[in-house]
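Each chain is listed here by its residues.
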Amino acid sequence: MGCRAESLVNASLGRELLVLVLPALLMQIVQTAGWLGEAVFVSKLGKVELAAIGLVGELTWLLSTLTTIVTVSATTLVAQKWGAGDMAGVREFTKAAVQQAILFGLLASATWLLRDLIWQGMGAETSVRKAAEFYLLVALVSFPFMNLAASWGAAFRGIGDMRTPFFVSAIATSCHLLANALLTPIWGLKGAAAALAFSRIVALMAYALFIRKSPLNAATDKLVTWDGGYHRELLRLGIPAGAQNFFWAFGSVVFYSLLNRARDGTEAVAAFTAGIRVESVAFMIAMAFGMATQTIVGQSVGAGNWERGWQGTWLSTFWCIIVILPICAVLFFASDWLASHFSTDPTTHRYTAYYLKVAALAEPFWAISMTTGAALQGAGDTRTPALIAILTQWLFCIPLTYLLCVHKGQSPIVAWWLVGASGFLTGVVTAAAFVLFWRKRSNL
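Residues numbered from 1 in each chain as written. Predicted model: local features only at pLDDT ≥ 70, side-chain atom pairs only at ≥ 80, totals over all residues. Heavy atoms only, no water.

(A) Highlighting the overall build of the chain. Secondary structure summary: the chain contains 16 helices and zero strands in total. The dimensions of the chain, computed from C-alpha atoms along their principal axes, are 60 × 45 × 35 Å. Classification of the 444 residues of the chain by burial places 59% in the buried group. For the chain, contacts bridging at least 24 residues in sequence account for 85% of all contacts bridging at least 6. Accessible area for the chain stands at about 17500 Å²; split by element, carbon and sulfur atoms hold 67% of it. Here the chain holds 30 positive side-chain charges and 22 negative ones, and the gap between their average locations is 3 Å. (Helix = DSSP H or I, 4+ residues; strand = E, 2+ residues; numbered from the N terminus. Buried < 20%, exposed > 50% of the residue type's maximum accessible area, 1.4 Å probe, protein only. Contact = heavy atoms within 4.5 Å. Areas by Shrake-Rupley, 256 points an atom, 1.4 Å probe, with all protein chains shown as cover. Lys, Arg positive; Asp, Glu negative; His and termini not counted. Charge placed at Lys NZ, Arg CZ, Asp CG, Glu CD.)

Right under this line is the structure:
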């Protein structure tokens, strides 16, 4: 179930996109449901608890840099080897990715020792720190399980099998929501933490079962053997992607810190936490199309068919925008209703609703950046999308947020507009970079 995969290079682009996007889209929707579900359960505990999981989420997103180093490079290199018909390369890159995932996961867990310094740097209020402590501990201890599962999912995507990651995600998310429903009302944030760890363990166990029946089976043998060449190639592509994720996630941590220091700090953080979780319905759809684009381009480049990669990128971008536009309309026109499900505090509600309206306008441009950026990654260029994402955030959004919202004391709503403008810039510049790269490499 979900473990048979064939190279799709010779299939029609429309069929290939559908085969890749549909399960990836379902997976993202399922994961978003779990993410939103957790926020709904925790929001019933209060705004401090909601802000607490938001801060932990930002920290674990920062640590997911170590996951991105593995997953982006693994998907690209496995896809290229699969498109070229090199099964030995597919298995060796998968094995190397699993090894790196284990090591990086343990490294992430060790950041627990730096938690006091981290909380101080994030500017979290004392009440939020105390509420988040146990949740952070569980999130970090279970991080290696998540990292290992992510490496297997990346390899499956590389061979064009999006169904297996979807099945695993559906199983794990169902367990996450069920455990949250049972434990959070009783144990509070400790219950939410237990639910998170349980879902990660379930995902790892499910992948362990599925991989035994897949073409990747042999990649799990002899994990103690180490081939430096495959690791160097993974790191060559993975480090720029990891840097992109790190600076983007660290920038988000800084952004949270700025919100904490701005007017109505706790309410702004709670609103941003709720807002990005609602917005993620559209964002995760764009991620699904990005995953599909990376696989299409990777396999096409591996087979030497650059024109197919070009056509697949724009087909994916077109349908991505078509799919998310109705969701953007809901975010804009139903913003007050959506915000009411996450807070009864009037200030938090107002900030959340306004964030959703701005997000609805910016999301199509984020979608463009994700599909064209994924195409560059699939072709082996992880540096360009990394540089664009870093510069638009660190030279535009963050300094202006500090100037206007912290230094001049303007409303957090100004920060929402800066985030939206950053999305516009990222989308336009990434699309232009993709066009220039493709013309140079493929002579189209």
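Continuing now.
(B) Quick look at a nonpolar patch on the surface. Nonpolar side chains collect at one region of the surface, where Leu18, Leu22, Leu26 and Ile29 lie side by side and expose about 360 Å² of accessible area between them. Inspection of the secondary structure assignment puts isoleucine 29 in helix α1 (residues 13-43). Residue isoleucine 29 is classed as partly exposed on the basis of its relative accessible area, which comes to 43%. (Patch = residues over 30% accessible without salt bridge, like charges linked within 9 Å, V, L, I, M, F, W, Y side chains within 5 Å. Salt bridge = Lys/Arg side-chain N within 4 Å of Asp/Glu carboxyl O.)

(C) Expanded view of the packing of aromatic side chains. In the structure shown here, the tally under the stated rule is 23 aromatic pairs. A ring pair is formed by tyrosine 354 and tryptophan 417, whose centres lie 6.3 Å apart and whose planes are at 75°; its orientation type is edge-to-face. In this pair, tyrosine 354 sits in helix α14 (residues 346-378) while tryptophan 417 sits in helix α16 (residues 412-442), placing the two residues 63 residues apart along the sequence. Connected via pairs of aromatic rings, a cluster forms that spans Trp306, Trp310, Trp314, Phe434, Phe437 and Trp438. A cation over a ring is seen here: arginine 115 above tryptophan 112, with NZ or CZ 4.0 Å from the ring centre. Over the face of the ring belonging to phenylalanine 134 we find lysine 190, whose NZ or CZ atom lies 5.6 Å from the ring centre. (Phe/Tyr/Trp six-rings, centres within 6.5 Å; stacked < 30°, edge-to-face > 60°. Lys NZ or Arg CZ within 6 Å of the ring centre and 35° of its normal.)

(D) Looking closely at the environment of alanine 101. Among the structural elements, alanine 101 can be located in helix α4 (residues 87-109). For alanine 101, a relative accessible area of 0% gives the class buried. Put simply, alanine 101 and tryptophan 119 are 18 residues apart on the chain and 26 Å apart in space, counted from C-alpha to C-alpha.

(E) Structural context of the nonpolar core. Judged by nonpolar contacts, the single largest core of 114 residues is most densely connected at Tyr135, Phe255, Leu259, Phe272 and Trp416. Among the elements that take part in this core, helix α11 (residues 265-302) stands out by supplying 15 residues, more than any other. Residues contacting tyrosine 135, with those up to four places away along its chain left out, are Glu38, Ile53, Val56, Leu189, Ala192, Ala193 and Leu196. (Core = buried A, V, L, I, M, F, W, Y, C linked by side-chain atoms within 4.5 Å.)

(F) Up close: the pattern of salt bridges. Tallied over the entire structure, the rule returns six salt bridges. The salt bridge involving lysine 81 is made with aspartate 86; its shortest N-O contact spans 3.8 Å. We classify lysine 81 as partly exposed; its relative accessible area is 28%. The exposure class of aspartate 86 is partly exposed, given its relative accessible area of 29%.

(G) Molecular detail of the side chain of threonine 382. Within the secondary structure, threonine 382 is located in the loop between α14 and α15 (383-407). Judged by relative accessible area, threonine 382 falls into the buried class, the value being 2%. A distance of 2.9 Å separates a polar side-chain atom of threonine 382 from the backbone oxygen of leucine 237. Beyond its immediate stretch of four places on either side in the chain, threonine 382 contacts Val72, Arg236, Leu237, Pro240, Ala241 and Gln377. (Polar contact = N/O pair within 3.5 Å; in protein donor to acceptor, adjacent residues only side chain to side chain.)

(H) Structural context of the layout of surface pockets. Counted as a void, the second largest pocket has a volume near 150 Å³. Every residue lining the second largest pocket is listed: Leu59, Leu62, Ile118, Gly121, Met122, Phe246, Phe250, Val253, Val254 and Ser257. The set of elements that each furnish at least two residues to the lining of the second largest pocket consists of α2 (47-63), α5 (115-122) and α10 (228-261). For the lining of the second largest pocket, the element with the highest residue contribution is α10, accounting for five residues. Residues belonging to the lining of the second largest pocket are distributed by class as follows: eight nonpolar, two polar and no charged. (1 Å grid on protein atoms, 1.4 Å probe; cavity = no way out; pocket = protein on both sides within 12 Å on 5 of 7 lines; lining within 4 Å. Points joined across faces, edges and corners; volume = space filled by probe spheres on them. Nonpolar A, V, L, I, M, F, W, Y, C, P; charged D, E, K, R; others polar.)

(I) Local environment of helix α12 (residues 306-333). A rise of 1.5 Å per residue sets the reference length of α12, with its 28 residues, at 40 Å; its end C-alpha atoms lie 41 Å apart and thus fit the reference within 8%. Those residues of α12 not exposed but buried are Arg308, Gly309, Gly312, Thr313, Ser316, Thr317, Cys320, Ile324, Cys328 and Leu331. (Expected span 1.5 Å × (residues − 1).)

(J) View of the environment of tryptophan 438. On the secondary structure map, tryptophan 438 appears in helix α16. When the C-alpha atoms of tryptophan 438 and glutamate 92 are compared, they prove to be 28 Å apart, with 346 residues separating the residues in sequence.

(K) Spatial organisation of helix α7 (residues 143-158). Relative to the 22 Å expected for 16 residues at 1.5 Å per residue, α7 spans 23 Å between its end C-alpha atoms, a close match to the ideal helical length. In terms of burial, α7 is a largely internal element, 13 of the 16 residues being buried. Just beyond α7, the residue with positive phi is glycine 160, at close to 85°.

(L) Region of interest: the environment of threonine 371. Looking at the element boundaries, threonine 371 is found in helix α14. Residue classification places threonine 371 among the buried residues on the basis of a relative accessible area of 0%. For the pair threonine 371 and glycine 427, spaced 56 residues apart in sequence, the C-alpha separation works out to 9.4 Å. Once you skip the residues sitting within four places of it in the chain, threonine 371 turns out to touch Phe289, Gly290, Thr293, Thr313, Ser316, Thr317 and Cys320.

(M) A look at the packing of α2 against α11. Two elements in contact, α2 and α11, have axes whose closest approach is 9 Å; the angle formed by their N-to-C orientations is 65°. Crossing geometry of α2 relative to α11 is assigned as left-handed. Facing Lys47, Leu50, Ala51, Ile53, Gly54 and Glu58 of α2, the residues of α11 in contact are Thr266, Glu267, Val269, Ala270, Thr273, Ile276 and Arg277. Along the lines of polarity and charge, the residues of the contact of α2 with α11 split into six nonpolar, three polar and four charged. (Axes fitted to C-alpha atoms, helices over the stretch in contact; angles between N-to-C directions. Left-handed = near helix turned anticlockwise from the far one by under 90°.)

(N) Spatial organisation of unusual backbone geometry. Positive phi, normally seen in glycine, also occurs at aspartate 264, with a value near 55°. Judged by relative accessible area, which is 31%, aspartate 264 ranks as partly exposed.

That's the geometry; what it means functionally is another story.
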